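Residue strings, one per chain:
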Amino acid sequence: MPLIIITGLPTSGKTSRAKQLHTYLSKRISTVPDTSSPGAPAVSAPPPKYRLHFISDTTQSISRAVYDLSPSQLPAHVRSANASEKDARAAVYAAVKRVLSPRDIVVLDGLNYIKGWRYQLFCEAKNVSTPSCVLQVGCAVDRARAVNEARLERRQRRREGQGGQQNGNEDAAEKRRSEGAGQEQNEEDEEPYEPSNWENLVFRYEEPNPMTRWDSPLFTLVWEDDEAQTRQVFDKIWDAIAGEGRKVVKPNQSTVQRDKDPGGDYLYVLERETQDIVKKILERQPDEGGGVIALPRVNNAGAGEAGEELVVELPGKKVGLPQLQRYRRAFVALNRGGIGLEAVGKLAGGRLRESFVGYLNDAFEKDG
């Protein structure tokens, strides 16, 4: 099943929306039984058709400090290499790759602010023939900045040990102000970004573009969206990934193995058929040279395609083994990759025999 990539500005409510989506998908999955196993006992309820996974920096124990590239935190050569952030993305990528399959829905919560990173995730989903989509959480920069500043203040008060009822009331009021309509935020569970780190991440954020393959289909939820609007967007996501609107995903054609002859590997078939034709020519050509030799489309092992016989027009002089082997090696070198043969169907023995005989006739005509 698909990969759902959550993206948005830092502290824009991505985790809250991701958790809402996770809860929604859990309920929808429980209503879709797995009917692919008809032999399962009818007395027990069938298991769900899909499995659900939630992956984020928090689940992978990745600190938000890994994104901090401020000069006060890291030297210049470390900032340029950006090793900590690359290691974090590698850990997330490995976690996604472990569970991503046609039967798994993966909700990936995180910044996901680099379009190249989203493209890498799109390719991984495409590689396992499962769709992917992007959910962008929209939020004004000033509001997201206010949420981060409120978290910084709470962290500072905790460090200073200034608890009490007053601080609790202030936290509750700030929490209510930072919540969107119908959106539940648990601010105490989220760590803040350092101010310089937060500003840097906003500056580096690359908006998803629905015109690109890796950012489509693109769904958007803004801070003010209520429960009804949220449910509507989630319904659209479900339809795109598991409903009637789900598209069939095919892997890249460059990575698909060619349809080869069932009698063996393509290179093996190429060698076998050309060697058989050379052998037949040496056995059947007249002693004085010249003439015409009829060859079967099917070799002695029964490989190939039945039909009319193939005709080899020999030159006026007798053809020796070295000359035939030279032609055969040249033909094998030209067709080693199967280039140009896709249009005629399967790369089967009969096709190769016909092509090699035509190659020999052209070569003999030029030599003659």
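Scroll up to find the structure this text is about.
What you see is a predicted model; the values in this text were computed from it and never measured.

Trainee: In this structure, what is going on with the overall build of the protein chain? I would like to understand it.
Mentor: When helices and strands are counted, the protein chain shows 11 helices and seven strands. The buried share among the 368 residues of the protein chain stands at 43%. Once local pairs closer than 6 in sequence are excluded, the contacts in the protein chain between residues at least 24 apart make up 78%. Carbon and sulfur atoms form 52% of the exposed surface of the protein chain, whose accessible area is close to 19,700 Å².

Trainee: For this particular structure, what's the right way to read the layout of surface pockets?
Mentor: If a probe as big as a water molecule is rolled over the atoms, it shows which places are left empty. Its volume calculated, the second largest pocket comes out at about 370 Å³. Together, 18 residues line the second largest pocket, and P131, S216, P217, K247 and V249 are the ones closest to its centre. Residue assignment for the lining of the second largest pocket shows that the elements contributing at least two residues are helix 4 (115–127), strand 4 (132–138) and helix 8 (227–241). The element contributing the most residues to the lining of the second largest pocket is helix 4, with three residues. For the lining of the second largest pocket, the residue count by class is nine nonpolar, four polar and five charged.

Trainee: Even after reading the chapter, I still don't get the pairing of strand 3 (residues 104–108), so can you show me in this structure?
Mentor: On any regular strand, side chains alternate: one points to one face of the sheet, the next to the other face. With five of its five residues buried, strand 3 lies for the most part within the structure. Side chains D104, V106 and L108 project from strand 3 onto one buried face, and the interleaved I105 and V107 project onto a second face that is buried too. Here three bridges tie strand 1 (residues 3–8) to strand 3, and the two strands are oriented parallel to one another. Each residue of the ladder has a partner; that of L3, found in strand 3, is V106. In terms of strand pairing, strand 2 (residues 51–55) meets strand 3 through five bridges, oriented parallel. By the bridge assignment, F54 is partnered in strand 3 with V107.

Trainee: Help me out: how do you make sense of the side chain of E124 in this one?
Mentor: Within the secondary structure, E124 is located in helix 4. One buried charged residue, E124, forms no salt bridge at all, with the nearest opposite charge on K97 at 4.5 Å. Not counting residues within four places of it along the chain, the set of residues in contact with E124 comprises Y93, K97 and L100.

Trainee: Mind showing me how you'd approach the environment of G290 here?
Mentor: Looking at the element boundaries, G290 is found in the loop between helix 9 (266–284) and strand 6 (292–295). On a C-alpha basis, the gap between G290 and P315 in space is 5.0 Å, while along the polypeptide they are 25 residues apart. Apart from the residues lying within four places of it in its own chain, the contact partners of G290 are L314, P315, G316 and K317.

Trainee: Hey, could you run me through empty space enclosed by the protein in this one?
Mentor: With the rule as written, the count across this model stands at one cavity of 30 Å³ or more. Computed from the structure, the largest cavity encloses a volume of approximately 130 Å³. Along the wall of the largest cavity there are 14 residues; nearest its centre are D57, Y67, R89, N112 and W117. In terms of residue count, helix 3 (residues 83–99) provides more of the lining of the largest cavity than any other element does, four residues in total. Among the residues forming the lining of the largest cavity, the class breakdown is eight nonpolar, two polar and four charged.

Trainee: Honestly, unusual backbone geometry in this entry has me stumped. Any pointers?
Mentor: Working note: non-glycine residues mostly have negative phi, and peptide bonds are mostly trans. Of note, the amide linkage connecting S216 to P217 takes the cis form, showing an omega dihedral of 0°. Considering the arrangement of structural elements, one finds P217 in the loop between helix 7 (195–204) and strand 5 (218–222). Positive phi, normally seen in glycine, also occurs at T11, with a value near 55°. Looking at the element boundaries, T11 is found in the loop between strand 1 and helix 1 (14–30). A positive phi angle is found at N112, which is not glycine, with a value near 45°. Exposure remark for N112: the relative accessible area of 8% places this residue in the buried category.

Trainee: Sorry, what's going on with the packing of aromatic side chains here?
Mentor: Any aromatic ring pair is given by two values, namely how distant the centres are and how the planes are angled relative to each other. On inspection of all chains with the given rule, the structure shows eight aromatic pairs. Each ring, one from Y24 and one from F234, has its centre 5.5 Å from the other, and the planes form 45°; the classification is tilted. Placement of Y24 in helix 1 and of F234 in helix 8 is noted, with a sequence separation of 210 residues between them. With relative accessibility at 7%, the residue Y24 sits in the buried group.

Trainee: What am I meant to see in the pattern of salt bridges here?
Mentor: Using the criterion set out here, one finds 15 salt bridges in the structure. Here D142 and R145 are joined by a salt bridge, their closest N and O atoms 3.0 Å apart. Taken together, the residues D142 and R145, both in helix 5 (residues 141–160) and three residues apart, mark about one turn of the helix. A relative accessible area of 58% places D142 in the exposed class. Here D276 and K280 are joined by a salt bridge, their closest N and O atoms 3.0 Å apart.

Trainee: Is there a simple way to explain the nonpolar core in this structure?
Mentor: Among the nonpolar cores identified, the biggest contains 29 residues, and L3, I55, V92, V96 and L108 are the most heavily contacted of them. Residue contributions to this core peak at four residues, all from helix 3. If we ignore the near neighbours within four places in the chain, the residues touching V96 are L3, I55 and L108.

Trainee: Help me understand the packing of helix 9 against helix 10 (residues 321–335) in this model?
Mentor: The relative placement of two packed helices comes down to the angle between their axes together with the axis-to-axis distance. Remark: helix 9 packs on helix 10, axes separated minimally by 10 Å, with the N-to-C direction vectors making an angle of 155°. The orientation of helix 9 relative to helix 10 falls into the category roughly antiparallel. The interaxial crossing formed by helix 9 with helix 10 has right-handed handedness. For the pair helix 9 and helix 10, contact is made by Y266, L270, E271, T274, Q275, V278, I281 and L282 and by L321, L324, Q325, R328, F331, V332 and N335, respectively. Tallied by class, the residues present in the contact of helix 9 with helix 10 amount to nine nonpolar, four polar and two charged.

Scoring rules and cut-offs
Residues numbered from 1 in each chain as written. Predicted model: local features only at pLDDT ≥ 70, side-chain atom pairs only at ≥ 80, totals over all residues. Heavy atoms only, no water. Helix = DSSP H or I, 4+ residues; strand = E, 2+ residues; numbered from the N terminus. Buried < 20%, exposed > 50% of the residue type's maximum accessible area, 1.4 Å probe, protein only. Contact = heavy atoms within 4.5 Å. Areas by Shrake-Rupley, 256 points an atom, 1.4 Å probe, with all protein chains shown as cover. 1 Å grid on protein atoms, 1.4 Å probe; cavity = no way out; pocket = protein on both sides within 12 Å on 5 of 7 lines; lining within 4 Å. Points joined across faces, edges and corners; volume = space filled by probe spheres on them. Nonpolar A, V, L, I, M, F, W, Y, C, P; charged D, E, K, R; others polar. Pairing = 2+ DSSP bridges. Lys, Arg positive; Asp, Glu negative; His and termini not counted. Salt bridge = Lys/Arg side-chain N within 4 Å of Asp/Glu carboxyl O. Phe/Tyr/Trp six-rings, centres within 6.5 Å; stacked < 30°, edge-to-face > 60°. Core = buried A, V, L, I, M, F, W, Y, C linked by side-chain atoms within 4.5 Å. Axes fitted to C-alpha atoms, helices over the stretch in contact; angles between N-to-C directions. Parallel < 35°, antiparallel > 145°, perpendicular 65-115°, else oblique. Left-handed = near helix turned anticlockwise from the far one by under 90°.

Nothing here speaks to function; it is geometry throughout.
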